[in-house]
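Structure assessment
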Amino acid sequence: MGEIKGKSPLLSDDTHQNDIPTQNRMAAIHFHRSALAFACLTFGGSLMSSIFKFYYVKIFLNHYHVSQGWFDFAQICYLIWNAVNDPLFAYFQDNYAFFRSRRHNVLFAAPFYSLSFLLAWFPWGDYTSHPWLAGVHLLVALSCYDTMFTLVGLVNCALFVEISQKYEDRILLTRYNQIASLLASSSILFSQIFCDGLNNIEAFRVFVIIVALISWVAMTYTGLYVKTQYDGVPVPSNTHSQYLKNLNESQKSQDEEDNSLSPWTQFKQICREKNVLLFLAVNFLQSFHSTYISNFLSIFGDELLPANMAIVKKFVYGAAFIIPQVKLKH
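Read on for a plain summary of the structure. This one's a predicted model, so the numbers in the text were calculated from it and none came from an experiment.

Considerations on the overall build of the protein chain
The helix and strand tally for the protein chain stands at 13 helices and zero strands. If you list the helices and strands of the protein chain from N to C, you get α-α-α-α-α-α-α-α-α-α-α-α-α. Residues counted as buried form 32% of the 330 residues belonging to the protein chain. In the protein chain, the share of contacts with a sequence separation of at least 24, taken over all contacts with a separation of at least 6, comes to 80%. Carbon and sulfur atoms make up 66% of the accessible area of the protein chain, which totals about 20300 Å².

Laid out in C-alpha cells, this is it:
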C-alpha cells in the first residue's frame with residue numbers, strides 16, 4: 001500500500017505532462033478554426049463590397065438614368081449617414097448586451113447584409129414615368145447597404161483583436177484575412193467573364209444573387225464557429241446594468257477624471273495630436289482614391305477604351321481589384 005501511494009504523484013505528473021501536447025494541439029485546432037471563420041467574414045463582406053462599389057454608380061446612371069439632382073442628394077445623405085453610423089454602432093456594440101456578442105451580431109446581420117446588397121440591382125418600377133423613384137431607390141440602397149456594411153465591418157475589426165492577443169496568432173490571422181480578400185476581389189473578374197458586366201443585365205442579376213447566397217453562407221459560418229478569448233469568461237449572474245455599475249465603481253476615479261472634460265474639450269485635445277491629424281489625412285486620401293476608382297473605373301474605361309478591346313477591359317477591371325490585394329513578401 002505504501003509503494004502505491006509513493007508512485008501516485010509521479011504517475012500524476014507524467015500524465016499531466018503527456019496531456020500538455022494534446023492540449024496544445026487542441027488549442028491550435030480551435031485557433032485555426034476561428035481564424036478560418038474570421039476569414040470567411042472577410043470573404044463574404046469583401047465579395048459583396050467589391051461588386052457593389054464597382055457597379056452601383058454605373059447601373060443607376062446608365063440603366064436607371066437617375067437625375068443629377070437626385071444622384072447628388074443621395075450621395076450627400078450617404079456621406080452624412082456614413083459619418084454618423086460608425087461611432088453610433090460602435091457605441092451600441094460596446095454598451096448594449098444584445099450587441100456585445102460578436103457571433104450574434106454576425107448571425108443577425110448576415111441575411112440583412114446580403115439582402116441590402118441585392119437592393120441596388122433590381123428596379124422598383126418604371127423610372128421613365130417616375131424619375132424620382134430612381135433617386136429614392138438609390139438613397140435607400142446606399143443607406144441600407146452602408147448600415148449593414150458598418151455593422152459587420154465593426155465586428156470584423158473587433159474579432160481581429162479579440163480572437164487572440166499573441167503576436168504570432170495575429171500574424172496568422174492577417175494571412176488568413178489576406179487570402180480571403182484576394183479570393184473575394186476576383187468577383188469583379190468573374191462578373192466580367194460570365195455575364196459581361198452590366199451588358200447582360202439578366203445574367204448579372206443571377207450572378208449577384210449567387211454572390212449574396214455565398215456571402216450569407218460564409219458569414220453564417222463565422223457566426224457559428226468563431227471563438228474569441230472572451231467567450232469563456234463567465235458573465236455575472238446579476239443583470240447587465242448591475243455588472244456595468246460594478247465595473248464603473250471599480251474605475252470611479254478614472255471616470256470622474258474623464259467626465260470632468262467636456263466633449264468639446266476632448267475633441268480639441270484630439271485635434272492637437274499631430275499623429276491623429278496625419279492619420280486622418282492619409283486615411284482620407286486613401287479612402288477617397290479607392291472609392292473614386294471603384295465607383296467610376298468602369299465608366300471611364302468604357303469611354304476611353306475602344307469597343308474592340310472588350311477582353312482587355314475585362315482583365316483591366318479585374319486586375320484593378322486583385323492586384324492591390326497582392327502583398328509582396330520581402
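Examining the packing of aromatic side chains
If you walk through the whole model with that rule in mind, you get 19 aromatic pairs. Arranged with centres 5.9 Å apart and planes meeting at 70 degrees, the rings of F117 and W121 form a pair that is edge-to-face. Taking relative accessible area as the criterion, F117 reaches 0% and is therefore assigned buried. Residue W121 is classed as buried on the basis of its relative accessible area, which comes to 0%. On the numbers, 5.4 Å between centres and 85 degrees between planes, the contact of W121 with F204 is edge-to-face. Taken together, the residues W121 in the loop between α4 (102-118) and α5 (131-162) and F204 in helix α8 (residues 201-225) connect sequence positions 83 residues apart.

With respect to the nonpolar core
Ranked by internal contacts, the top residues of the largest apolar core, which has 57 residues, are I51, F60, F117, W121 and F204. If one sorts the elements of this core by residue count, helix α1 (residues 2-63) sits on top with 15 residues. Once residues lying within four places of it in the same chain are set aside, the contact partners of F60 are H65, V66, A120, A134, H137, L138 and A141.

Side note on the environment of A320
Counting through the fold element by element, A320 comes out in helix α13 (residues 310-322). With a relative accessible area of 33%, A320 lands in the partly exposed category. Along the primary structure A320 and I188 are separated by 132 residues, whereas in three dimensions their C-alpha atoms are 9.0 Å apart.

Some thoughts on the packing of helix α7 (residues 187-195) against α13
Two numbers describe how α7 lies on α13: the axes approach to 7 Å, and their chain directions differ by 165 degrees. The orientation of α7 with respect to α13, classified from their angle, is roughly antiparallel. The way α7 lies across α13 gives a crossing that is right-handed. Contacts from I188, L189 and Q192 in α7 reach K314, F315, Y317, G318, F321 and I322 in α13.

Overview of the packing of helix α2 (residues 68-95) against α5
The N-to-C vectors of α2 and α5 enclose an angle of 25 degrees; their axes lie 9 Å apart at closest approach. As summarised for this structure, α2 and α5 are arranged roughly parallel, according to the angle between their axes. The handedness of the crossing between α2 and α5 comes out as right-handed.

Thoughts on the pattern of salt bridges
A side chain of one charge can pair with a side chain of the opposite charge when the charged atoms of the two come close. What the rule picks out here adds up to three salt bridges. D196 is the salt-bridge partner of K314, the closest N and O atoms lying 2.5 Å from each other. Taken together, the positions of K314 in helix α13 and D196 in the loop between α7 and α8 put the pair 118 residues apart, joining distant regions of the chain. According to the relative accessible area criterion, K314 is buried, its value standing at 12%. With its nearest N and O atoms 3.4 Å apart, the salt bridge here joins E202 to R205. Of this pair, E202 and R205 both sit in helix α8, three residues apart, which is roughly one turn of the helix. Of the residues examined, R205 reaches a relative accessible area of 14% and is grouped as buried.

A closer look at the environment of F160
As for its placement among the helices and strands, F160 is situated in helix α5. A residue is classified by how much of its surface remains accessible, and F160, at 27% relative accessible area, is partly exposed. For the pair F160 and L173, spaced 13 residues apart in sequence, the C-alpha to C-alpha distance is 7.3 Å. Beyond its immediate chain neighbours, meaning those up to four positions away, F160 contacts F38, R170, L173 and T174.

Comments concerning the side chain of T150
Among the secondary structure elements, T150 is positioned in helix α5. According to the relative accessible area criterion, T150 is buried, its value standing at 6%. Leaving out residues up to four positions away in the same chain, T150 has contacts with N85, D86 and F89.

Cut-offs used in this document
Residues numbered from 1 in each chain as written. Predicted model: local features only at pLDDT ≥ 70, side-chain atom pairs only at ≥ 80, totals over all residues. Heavy atoms only, no water. Helix = DSSP H or I, 4+ residues; strand = E, 2+ residues; numbered from the N terminus. Buried < 20%, exposed > 50% of the residue type's maximum accessible area, 1.4 Å probe, protein only. Contact = heavy atoms within 4.5 Å. Areas by Shrake-Rupley, 256 points an atom, 1.4 Å probe, with all protein chains shown as cover. Phe/Tyr/Trp six-rings, centres within 6.5 Å; stacked < 30°, edge-to-face > 60°. Core = buried A, V, L, I, M, F, W, Y, C linked by side-chain atoms within 4.5 Å. Axes fitted to C-alpha atoms, helices over the stretch in contact; angles between N-to-C directions. Parallel < 35°, antiparallel > 145°, perpendicular 65-115°, else oblique. Left-handed = near helix turned anticlockwise from the far one by under 90°. Salt bridge = Lys/Arg side-chain N within 4 Å of Asp/Glu carboxyl O.

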